[in-house]
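Structural features, examined
The residues making up each chain are set out below.
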Amino acid sequence: MAQAAGTHRFIIVGAGMMGAAAARHLSQWTDGIALIGPGEPVDIVSHQGVFASHYDEARITRTIDPDPVWARLANRSIARYDAIAAESGIDFYHEVGCLIVGPKRQGQQKSYVGHVLDAAGRLDVPVETLAGAELAGRFPAFSFQADSEGVWEAKNAGHINPRRLVAAQALLAERQGVSRIVETVTGIRQSGDIVEVTTAEGAVHRAEKVLLAAGGFSIGDGLLPRSLNLEVYARTVAFFEIAPDDQAALAALPSLIWKWTDADDGIYLLPPVRYPDGRTYLKIGGDPDDILLKTEPEVRQWFRSGGRETTKAHLTSVMERLMPALDLTHASIAACVTSFTPTNYPAIAMSDADRIGILTGGCGAAAKSSDEIGRLGAELILHGRIVDDAYGADFRADYL
C-alpha cells in the first residue's frame, strides 16, 4: 500500500540534465521544491528500473548551430558554465575546441561546411577555416580525405562531463532548499488543485504543480493524461581504450564532428577522457541506421542490452579511416537513447492537465544546452508559460 509522503509547491520528476537544471533555476525564484529521480544503477545489466543518458563522462559542446533557436540555447548555457562550476565547486567543462569537417566547398553549391560557416557568421563566432595540408598539419592525428575542409572553433567549445554537470546542478539546487528524493516515479495524476506523484518505492508525493523531465522515459504509461508524441531512438556509442604510452600524443585532440560526404550523417568523436574505471578512452558515436523504441519497457531493455555489435563494427571501420595509426584492439560499447519531438525542438509546455508541465525531447542536441532548456522549464512551471520572449520557437508538446 502506498504511504503518504511530503507535500510541496513544485515537484520536478527526473533528476537528469534538464530536470536538475530546472530545479536549480526554479529554486532561485521560489521555494517548496522537490526533485525526484533515482540514482545511477550499479549494475546496468540486472537493473530493472529507469536509466538516463547522462551516465557518461564526455559530450561535445559548441556554440555554432545552423538553427538559431538551438544556437541561442547553446550560447546561453555555455555562458553560465563557469559560474555553475565556481559556485558548486564541481568542474565539468573542458574548452579543448571543436573541429567540424566535411567535403570542401565547390563554388556556390550548398554544402555542410558552407552551412556551418554561414551559422558562425550569423552568430559572430570567431572560427578558422582549414583545408588540405593546413588541416592535416594542424590535426595530424586525423586522416581526412584530401578534399576535406574544416571549421575550427577554439573558444567556447570542447566537451562537458554530463555526470558532473548534473551533480553540480543538483548540489546548487539542494543548497537553495530543494528536497532531493531518490525514488522512481511510476505515476502522475492531477486531482483538483493537487497533483499526486506515486513512486515504485510505495510513496505518494503531492504538489501544486509538477514538471515531467524524464527524457525518453517520458513516454511511460501513467505519467501524462495522454501519450506524448516523442520518438525515442536506440543509440550505440563505442569506446576505444588509449594506452598510457599513447595518451600524451593525443592529449591535444579537440572534439570532432566529421561528415565524409554531404549526404552522410557522419560521426562525432570525443578526445581522450579518463573514465571511472581508471582507463582513458576515445568515444565515437553515429549510428548507421535508426531503431525506434516504441514503449517504455523497450527503452529499459535497450539500456540493459549494452548496444549493438553491428554499430560497433561500423564505428570501428570509421576509426580505421579516421585514425589509422591508432590501436583499436581494446574496444567496448554502451547503449543510450535520443528523443525527438515533431518540431525538432524540446517540448516545454503545459499538458492537458493545467498543473502538469512537460520538459523533454533533447533531439540529439540538448546536453550542451541543458541549462538554458532547464531554465525555460522552470519558467513554464512557475508561470504556466515561458515568459522569455527571445525565442520565436514552437516548444509545444504533441500527443499520439
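A few points on the structure. None of these values were measured; they are calculated from a predicted model. (Residues numbered from 1 in each chain as written. Predicted model: local features only at pLDDT ≥ 70, side-chain atom pairs only at ≥ 80, totals over all residues. Heavy atoms only, no water.)

1. Looking at the overall build of the protein
Quick note on the threshold: Under the scheme used here, helices are H or I runs from DSSP no shorter than 4 residues and strands are E runs no shorter than 2 residues, and both carry numbers assigned from the N terminus. Relative accessible area decides the class of each residue, using a 1.4 Å probe on protein chains only: under 20% of the type maximum gives buried, over 50% gives exposed, and in between gives partly exposed. The contact definition used throughout considers only heavy atoms, calling two residues in contact when any of these lie within 4.5 Å. Shrake-Rupley sampling with a 1.4 Å probe provides the accessible areas, and residues are treated as covered by the protein chains on show and by no other component. The convention is simple: Lys and Arg are positive, Asp and Glu are negative, and His and the chain ends are not counted. By convention, the charge on Lys lies at NZ, on Arg at CZ, on Asp at CG and on Glu at CD.
Secondary structure summary: the protein contains nine helices and 20 strands in total. Over its C-alpha atoms, taken along the principal directions, the protein stretches across nearly 65 × 45 × 40 Å. Split into buried and exposed, the 400 residues of the protein put 55% on the buried side. Considering only residue pairs separated by 6 or more positions, the protein has 73% of its internal contacts joining residues 24 or more positions apart. Total accessible area computed for the protein in this model is approximately 17000 Å², and 49% of it derives from carbon and sulfur atoms. In the protein, 37 positive and 50 negative side-chain charges are present, and the distance between their average locations comes to 3 Å.

2. Details of the pattern of salt bridges
Put simply, the rule is: Whenever a carboxyl oxygen of Asp or Glu lies within 4 Å of a side-chain nitrogen of Lys or Arg, that contact is scored as a salt bridge.
For the structure on display, the rule yields 26 salt bridges. With a shortest N-O distance of 3.6 Å, aspartate 56 and arginine 59 are connected by a salt bridge. Note on aspartate 56: relative accessible area 6%, which makes it buried. Accessibility expressed as a relative area gives 18% for arginine 59, which makes it buried. Notably, a salt bridge pairs glutamate 128 with arginine 138, separated by 3.1 Å at the nearest N-O pair. Taken together, the positions of glutamate 128 in strand S6 (residues 128-131) and arginine 138 in helix H4 (residues 132-138) put the pair 10 residues apart, joining distant regions of the chain. The partly exposed category is assigned to glutamate 128, whose relative accessible area is 34%.

3. Topic: the pairing of strand S16 (residues 280-285)
Our working definition: Two strands pair if DSSP finds at least two bridges between them.
Burial of S16 is extensive: six of the six residues sit out of reach of the surface. Of the two faces of S16, both are covered, the one formed by Thr280, Leu282 and Ile284 as well as the one formed by Tyr281, Lys283 and Gly285. As defined by bridge partners, strand S15 (residues 267-274) adjoins S16 across five bridges and the pair is classed as antiparallel. Pairing of valine 273 across the sheet is with tyrosine 281, part of S16.

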